[in-house]
Amino acid sequence: MSAEGIIVVAVDGSEAAKMAVRWAANTANKRGVPLRLASSYTMPQYLYAEGMVPPQELFDDLQSEALEKIEEARGIAHEVAPEIKIGHTIAEGSPIDMLLEMSKDVTMIVMGSRGLGGLSGMVMGSVSAAVVSHASCPVVVVRADNPVNENTKYGPVVIGVDGSEVSQRATEYAFAEADARDAELVAVHTWMDMQVQASLAGLSAAQQQWEEVEAEQRELLDSRLAPFVEQYPDVEVSKVITRDRPVRALVDAAENAQLLVVGSHGRGGFKGMLLGSTSRALLQSAPCPMMVVRPEK
């Protein structure tokens, strides 16, 4: 995994970001690593013509405002975990650039997502979408409607397993999180065999075929989990094998979970389009914070 054991959380003063700070502080505490609060500011371009240098007082004001957000977040984090070590970073420029640069050297990035309305693909904010798509480390998105409560506080860690290389990498992170949290791990594997038709005439034969396929899928899941079960013997593992679409199966399994972990293969080279359709859909609909693990670069 990453070389430096630090969890970074993006701070912007929003309610979603504050919820992300709470989740990140709890995670840093359970993992026994420091937390770093990260905020950025940009000079409003419309105030000055090209080539003009804004007065230093304006830079000072923007820095002071960012520091106020940092200190508020520090207080929130210490309410959750009074003993954790907390540092901070304030950068001038794009929050996307800041977080992507930081992602090269840390354990994970945590960020809140407020959402932008009801258009498909636009529920996540642009910053969180870009960071999730391009970060070098896993990114956890905590939506404004993902509060930690008594039901979710001790819930399981859920992992989607599809047998791919990036899914194995995600499974490693999921086991590590479950171990740190003393939580159950729920491994979800889905399959859809379109060749099996359940007509009334062939219902018995179809059922037998389904059972055979399910047994094969269970063997596949067992083999994928085996090295991590050996590495993390204290983690209790439950397995869910279902003939269903991945998004629906993972959303159902993640109800009252502490964390949902998925690997994202990525498709194509367009900026913002490096997440698979399953990951994008889950970021909009997951009932708990979600970690996206992408292939190693």
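Here is a short report on the structure shown in this document. Keep in mind it's a predicted model, so treat the numbers as computed, not measured.

## Looking at the overall build of the protein
A count of helices and strands for the protein gives eight helices and 10 strands. For the protein, long-range pairs separated by at least 24 residues make up 77% of all intrachain contacts whose partners lie at least 6 apart in sequence. Total accessible area computed for the protein in this model is approximately 15,000 Å², and 49% of it derives from carbon and sulfur atoms.

## Section: the sheet that holds strand 5 (residues 139-143)
Strand order in the open sheet formed by 10 strands is 3-2-1-4-5-10-9-6-7-8, and the pairing between neighbours is mixed. At either margin of the open sheet sits one strand with a lone partner, and together these are strand 3 (86-92) and strand 8 (237-242). In this sheet, adjacent strand axes meet at a mean angle of 20 degrees when their direction is disregarded. The sheet contacts of helix 2 (residues 56-80) involve strand 2 (35-41) and strand 3, and relative to strand 3 the element is tilted by about 155 degrees.

## Structural notes on the environment of glycine 5
Along the polypeptide, glycine 5 turns up in the segment before strand 1 (7-10). With a relative accessible area of 33%, glycine 5 lands in the partly exposed category. As for glycine 5 and proline 34, which are separated by 29 residues in sequence, their C-alpha atoms are 7.3 Å apart. With residues up to four places along the chain from it excluded, the contact list for glycine 5 reads Val33, Pro34 and Thr107.

## Some thoughts on the environment of alanine 66
Relative to the helices and strands, alanine 66 is located in helix 2. For alanine 66, a relative accessible area of 3% puts it in the buried group.

## Here's the deal with the packing of aromatic side chains
Under the defined criterion, the tally for this structure stands at two aromatic pairs. Following the ring pairs from residue to residue traces out a cluster consisting of Phe175, Phe228 and Tyr232.

## Observations regarding the pattern of salt bridges
Applying the stated rule across the entire model yields nine salt bridges. Here glutamate 65 makes a salt bridge to lysine 69, at a shortest N to O gap of 3.9 Å. Remark: lysine 69 and glutamate 65 occur in helix 2; sequence separation between them is four residues, near one turn of the helix. Given the relative accessible area of 26%, lysine 69 is considered partly exposed. Note that lysine 104 is salt-bridged to glutamate 101, the shortest N-O span being 3.1 Å. Beyond isolated ion pairs, a larger network of salt bridges with shared partners links Glu15, Lys18 and Glu72.

## Topic: the pairing of strand 7 (residues 185-190)
Within strand 7, six of the six residues are buried, leaving the element largely enclosed by the surrounding structure. Neither face of strand 7 is open: one carries Leu185, Ala187 and His189, the other Val186, Val188 and Thr190, and all of them are buried. For the segment spanning strand 6 (residues 157-160), helix 5 (residues 165-181) and strand 7, crossover handedness is right-handed. The sheet contact formed by strand 7 and strand 8 spans six bridges and is parallel. Bridging across to strand 8, threonine 190 finds its partner in threonine 242.

## Brief notes about helix 8 (residues 277-285)
Within the span of helix 8, buried status applies to Ser279, Leu282 and Leu283. Buried residues along helix 8 cover an arc of 105 degrees about the axis, so they all sit on one side. The elements touched by buried residues of helix 8 are helix 4 (126-134), strand 5, helix 7 (246-253), strand 9 (259-263) and strand 10 (290-293).

## Comments concerning empty space enclosed by the protein
Counting across every chain of the model gives one cavity of 30 Å³ or more. The volume enclosed by the largest cavity comes to roughly 30 Å³. Those elements giving two or more residues to the lining of the largest cavity turn out to be helix 1 (15-31) and helix 2. Examining the composition of the lining of the largest cavity, we find that four residues originate from one element, helix 2, more than from any other.

## Concerning the pairing of strand 2
Burial analysis of strand 2 places five of its seven residues in the buried class, which makes it a mostly covered element. Across four bridges, strand 1 lies against strand 2 in parallel orientation. Counterpart to isoleucine 7 in the pairing with strand 2 is leucine 35. A crossover connection joins strand 1 to the parallel strand 2 through helix 1; in handedness this β-α-β unit is right-handed. Sheet analysis places strand 2 next to strand 3, joined by seven bridges and oriented parallel. Looking across to strand 3, one finds that serine 40 is bridged to alanine 91.

Rules of the game
Residues numbered from 1 in each chain as written. Predicted model: local features only at pLDDT ≥ 70, side-chain atom pairs only at ≥ 80, totals over all residues. Heavy atoms only, no water. Helix = DSSP H or I, 4+ residues; strand = E, 2+ residues; numbered from the N terminus. Contact = heavy atoms within 4.5 Å. Areas by Shrake-Rupley, 256 points an atom, 1.4 Å probe, with all protein chains shown as cover. Pairing = 2+ DSSP bridges. Axes fitted to C-alpha atoms, helices over the stretch in contact; angles between N-to-C directions. Buried < 20%, exposed > 50% of the residue type's maximum accessible area, 1.4 Å probe, protein only. Phe/Tyr/Trp six-rings, centres within 6.5 Å; stacked < 30°, edge-to-face > 60°. Salt bridge = Lys/Arg side-chain N within 4 Å of Asp/Glu carboxyl O. Right-handed = clockwise from strand over helix to strand, strands pointing away. Arc of directions from axis to C-beta. 1 Å grid on protein atoms, 1.4 Å probe; cavity = no way out; pocket = protein on both sides within 12 Å on 5 of 7 lines; lining within 4 Å. Points joined across faces, edges and corners; volume = space filled by probe spheres on them.

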